[in-house]
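Architecture at a glance
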Amino acid sequence: MKGERGGFRPVSRMQLLEGMGEDSYKAKRKPRDPTRCPNCGASFHSGRWTWDAAPEGAHEQLCPACHRIQDRFPAGYVTLAGEYFRGHRDEILRLVKHCEEREKAAHPLQRIMAIEDAAEGVLVTTTDVHLARNIAERVHDACKGSLVFHYSKEDNLLRANWKR
Ligand SMILES: [Zn+2]
């Protein structure tokens, strides 16, 4: 596939659940506790990012999700394609956005970066591999079809291709 980086390997859903690597955007820029993201307002406290208000005097640093958005460097790529998709595009994209809203409400780092037209359908990019996996599985559960994951543990990048 064009544009693929080295290190991508096909993986099963089970392997994915066991083997997610560490996200460099989280590991390399471990924030001070407490920290507030000046862009989205998420706060880092007790080792995790939440939507709770940061205490007065919190350190300021971009959260990993805003940092990825700023760098235009997604962690997850979900391709939705096929004739069935094109016929049900609006309702499937509603499902995708609903999935993001639910995840994001509890986990500030789970966000969609963009939904772009691709050759046979659309490409959804995300700030976290877990959201990409959840979106792909949600669509697959609801609409059947075929779903294949490729994962690069070194880069912690997930590519999910769903087609029907
Ligand atoms: Zn942020």
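These notes cover the structure that comes with them. (Residues numbered from 1 in each chain as written. Predicted model: local features only at pLDDT ≥ 70, side-chain atom pairs only at ≥ 80, totals over all residues. Heavy atoms only, no water.)

1. With respect to the packing of helix H5 (residues 89-106) against helix H6 (residues 129-143)
Note the following rule: Angles run from 0 to 180 degrees between N-to-C directions of axes, and those axes are lines fitted to C-alpha atoms, restricted for helices to the stretch in contact. Comment: elements are numbered from the N terminus, with helices defined as DSSP H or I runs of at least four residues and strands as E runs of at least two. Any angle between 65 and 115 degrees counts as roughly perpendicular, while under 35 counts as roughly parallel, over 145 as roughly antiparallel, and the rest as oblique. Each crossing gets its hand from how the near helix is turned against the far one by less than a right angle, where anticlockwise is left-handed and clockwise is right-handed. We call two residues in contact whenever any of their non-hydrogen atoms come within 4.5 Å of each other. Each residue gets one label: Ala, Val, Leu, Ile, Met, Phe, Trp, Tyr, Cys and Pro are nonpolar, Asp, Glu, Lys and Arg are charged, and the others, such as Gly, are polar.
For the pair H5 and H6, interaxial distance at closest approach is 10 Å and the crossing angle is 135 degrees. On the basis of their axis angle, the class for H5 and H6 is oblique. Between H5 and H6 lies a crossing of right-handed hand. Contacts between H5 and H6 involve Ile92, Leu95, Val96, His98, Cys99, Glu100, Arg102 and Glu103 from the former and Leu131, Asn134, Ile135, Arg138, Val139, Ala142 and Cys143 from the latter. Here the residues of the contact of H5 with H6 sort into nine nonpolar, two polar and four charged.

2. Regarding the coordination of the zinc ion
Which entries qualify depends on this criterion: Atoms of type N, O and S within 2.8 Å of a metal are treated as its donors, and for Na, K and Ca the window is 3.2 Å; water is not considered, so some sites may appear to be missing partners. Under this scheme a four-donor centre is tetrahedral when all angles range from 85 to 135 degrees, a four-donor centre is square planar and a six-donor centre octahedral when opposite donors are above 155 degrees with the rest from 65 to 115, and any other centre is irregular. Note on classification: 1.4 Å probe, protein chains only; a residue is buried when its accessible area is under 20% of the maximum for its type, exposed when over 50%, partly exposed between these limits.
Here the zinc ion is held by Cys37 (SG), Cys40 (SG), Cys63 (SG) and Cys66 (SG), and the distances to it run 2.3 Å. Note that the zinc ion binds four donor atoms; their angles at the metal cover 104 to 116 degrees, and the shape is tetrahedral. Mapping the donors of the zinc ion onto the primary sequence gives the spacing C-x2-C-x22-C-x2-C. Of this pair, Cys37 sits in the loop between strand S2 (35-36) and strand S3 (43-45) while Cys66 sits in helix H3 (residues 64-71), placing them 29 residues apart in sequence. Judged by relative accessible area, which is 0%, Cys37 ranks as buried. By relative accessible area, Cys66 is classed as buried at 5%.

3. What to know about the sheet that holds strand S1 (residues 9-11)
We count it as follows: Any two strands with at least two DSSP bridges between them are considered paired.
Overall, mixed pairing links the six strands, which are arranged S1-S9-S10-S6-S8-S7 in an open sheet. At either end of the open sheet lies a strand with only one pairing partner, and these are S1 and strand S7 (112-117). For this sheet, the mean inter-axis angle between neighbouring strands, taken without regard to orientation, is 20 degrees. Where S7 meets strand S8 (residues 121-126), five bridges bridge the pair, whose relative direction is antiparallel. Counted as the bridge partner of Glu116 is Leu123 from S8. In this fold H5 packs onto strand S6 (76-81), S7, S8 and strand S10 (157-163), with an angle of close to 170 degrees to the strand it touches most, S7.

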